[in-house]
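One letter stands for each residue in the lines below.
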Amino acid sequence: MVGGADKPRTIHPLFVRVTHWVNAFAIFVMVLSGWRIYNASPLFGFEFPKDFTLGGWLAGALAWHFAAMWLLALNGFAYLAYGLVSGHFRKSFLPISFGGAFDDVLLAMRGLLNHAPGRYNAVQRLFYIGVILAVIVAVLSGLAIWKPVQLQTLTALMGGYEAARRVHFFAMATIVAFLVVHIGLAVSVKGILAPMFTGRAEAPR
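One structure accompanies this document, and this report is about it. (Residues numbered from 1 in each chain as written. Predicted model: local features only at pLDDT ≥ 70, side-chain atom pairs only at ≥ 80, totals over all residues. Heavy atoms only, no water.)

1. Concerning the packing of helix α2 (residues 58-86) against helix α5 (residues 122-146)
Helix-helix packing: each pair is described by the crossing angle between the helix axes and the interaxial distance.
Item 1. Where α2 meets α5, the closest approach of the two axes is 11 Å, and the angle between their N-to-C directions is 140°. Taken as axis vectors, α2 and α5 run oblique relative to one another. Note on packing geometry: the crossing formed by α2 with α5 is left-handed. In contact with Phe66, Met69, Trp70, Leu72, Tyr79 and Leu80 of α2, α5 contributes Ile132, Val135, Ile136, Val139, Leu143 and Trp146.
Item 2. For the contact of α2 with α5, the per-class residue count stands at 12 nonpolar, no polar and no charged. (Axes fitted to C-alpha atoms, helices over the stretch in contact; angles between N-to-C directions. Helix = DSSP H or I, 4+ residues; strand = E, 2+ residues; numbered from the N terminus. Parallel < 35°, antiparallel > 145°, perpendicular 65-115°, else oblique. Left-handed = near helix turned anticlockwise from the far one by under 90°. Contact = heavy atoms within 4.5 Å. Nonpolar A, V, L, I, M, F, W, Y, C, P; charged D, E, K, R; others polar.)

In structure tokens:
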């Protein structure tokens, strides 16, 4: 378009936006309830502040955690199926370049990394693929902890019950780390947050 910006167009389809916010809600509930469950039997020498946990007590936290787990699993499966069938993953997240990601981190540290709505830079692609894998690991390790006898093969693949707890914890830590960076960028970089509500932005074709 001569003399102006591109006409606003849809860069985030409705299905992607709905599943994104459902996933965000489910992960938020799972993290806070998971912290309360962790406090009942800490793996390491610390506990999470009670004011930042959900459920009030162990049984309540477990109820919240399992409800959010099924929501996350079903919604996440729908998102994965859509991403694979529609080509959303291929177009948005591939190819992955570790060298490109490193270069983009250096640019970001110097305040020189540009963001084009509707396009993902190398760092974003790497982070999104990473958090999707972390969520899958969190769900599988959570199932191994929940049903260690019925799902003994899965639990064994995790290294046993106690090892599965540690896998689950570090998968959660990876997701939380992603959320800190993701939310920080969403509120600080112009043009990222609004399209996740409206779906539309001035995006280069």
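2. Digging into the side chain of Thr19
Item 1. With respect to the helices and strands, Thr19 occurs in helix α1 (residues 14-40).
Item 2. A distance of 2.8 Å separates the side chain of Thr19 from the backbone oxygen of Phe15, its partner in a polar contact.
Item 3. Among all residues touching Thr19, those that are not within four sequence positions of it are Asn75 and Tyr79. (Polar contact = N/O pair within 3.5 Å; in protein donor to acceptor, adjacent residues only side chain to side chain.)

3. A few points about the nonpolar core
Item 1. The biggest cluster of nonpolar side chains holds 34 residues, and the ones touching the most others in it are Leu72, Phe93 and Ile175.
Item 2. Broken down by element, this core gets its largest block of residues, nine residues, from α5.
Item 3. With residues up to four places along the chain from it excluded, the contact list for Leu72 reads Asn23, Ala26, Ile27, Met30, Phe77, Val135 and Val139. (Core = buried A, V, L, I, M, F, W, Y, C linked by side-chain atoms within 4.5 Å. Buried < 20%, exposed > 50% of the residue type's maximum accessible area, 1.4 Å probe, protein only.)

4. Here's the deal with the layout of surface pockets
The method is simple in principle: a probe with the dimensions of a water molecule rolls over the atoms, and the space it marks as empty is what remains.
Item 1. Empty space within the largest pocket amounts to approximately 1200 Å³.
Item 2. Along the wall of the largest pocket there are 48 residues; nearest its centre are His20, Asn23, Ala24, Ile27 and Phe178.
Item 3. Counting only elements with at least two residues in the lining of the largest pocket, the list comes to α1, α2, α3 (88-93), α5, α7 (161-188) and α8 (195-198).
Item 4. It is α1 that contributes the most residues to the lining of the largest pocket, 10 residues altogether.
Item 5. When its residues are assigned to classes, the lining of the largest pocket shows 37 nonpolar, 10 polar and one charged.
Item 6. Here the second largest pocket defines a volume of roughly 630 Å³.
Item 7. Taken together, 28 residues make up the lining of the second largest pocket; nearest its centre are Gly34, Ile37, His65, Ile145 and His168.
Item 8. Among the elements of the structure, α1, α2, α5 and α7 are those that each provide at least two residues to the lining of the second largest pocket.
Item 9. Here the element with the most residues in the lining of the second largest pocket is α1; it accounts for eight residues. (1 Å grid on protein atoms, 1.4 Å probe; cavity = no way out; pocket = protein on both sides within 12 Å on 5 of 7 lines; lining within 4 Å. Points joined across faces, edges and corners; volume = space filled by probe spheres on them.)

5. Focus on the packing of aromatic side chains
Given two aromatic rings, one states the distance between the centres and the angle between the planes to describe the pair.
Item 1. Counting across every chain of the model gives 14 aromatic pairs.
Item 2. With a centroid separation of 5.5 Å and 35° between ring planes, the pair formed by Tyr38 and Phe169 is classed as tilted. Of the two residues, Tyr38 sits in helix α1 while Phe169 sits in helix α7, which places them 131 residues apart along the sequence. Like Tyr38, the residue Phe169 is buried in the burial classification.
Item 3. Summarising the aromatic geometry, the rings of Phe66 and Trp146 are spaced 4.9 Å apart at their centres and angled 35° between planes, so their arrangement reads as tilted. In this pair, Phe66 is assigned in helix α2 and Trp146 in helix α5, connecting sequence segments 80 residues apart. (Phe/Tyr/Trp six-rings, centres within 6.5 Å; stacked < 30°, edge-to-face > 60°.)

6. Digging into the packing of α1 against α2
Item 1. Interaxial distance between α1 and α2 falls to 8 Å at its minimum, and their mutual angle equals 150°. On the basis of their axis angle, the class for α1 and α2 is roughly antiparallel. Classified by chirality, the crossing of α2 by α1 is left-handed.
Item 2. Residue classes in the contact of α1 with α2 are distributed as 21 nonpolar, seven polar and one charged.

7. Considering the pattern of salt bridges
Item 1. The tally for this structure, following the rule as stated, stands at two salt bridges.
Item 2. Glu162 serves as the salt-bridge partner of Arg165, at 3.8 Å between the closest nitrogen and oxygen. Here Glu162 and Arg165 lie together in helix α7, a separation of three residues that amounts to about one turn.
Item 3. Judged by relative accessible area, Glu162 falls into the partly exposed class, the value being 40%.
Item 4. Between Glu162 and Arg166 there is a salt bridge; the shortest N-O distance is 3.7 Å. Of the two residues, Glu162 and Arg166 both sit in helix α7, four residues apart, roughly one turn of that helix.
Item 5. A relative accessible area of 34% means that Arg166 is categorised as partly exposed.
Item 6. Among the ionic contacts, a cluster of salt bridges with common partners joins Glu162, Arg165 and Arg166. (Salt bridge = Lys/Arg side-chain N within 4 Å of Asp/Glu carboxyl O.)

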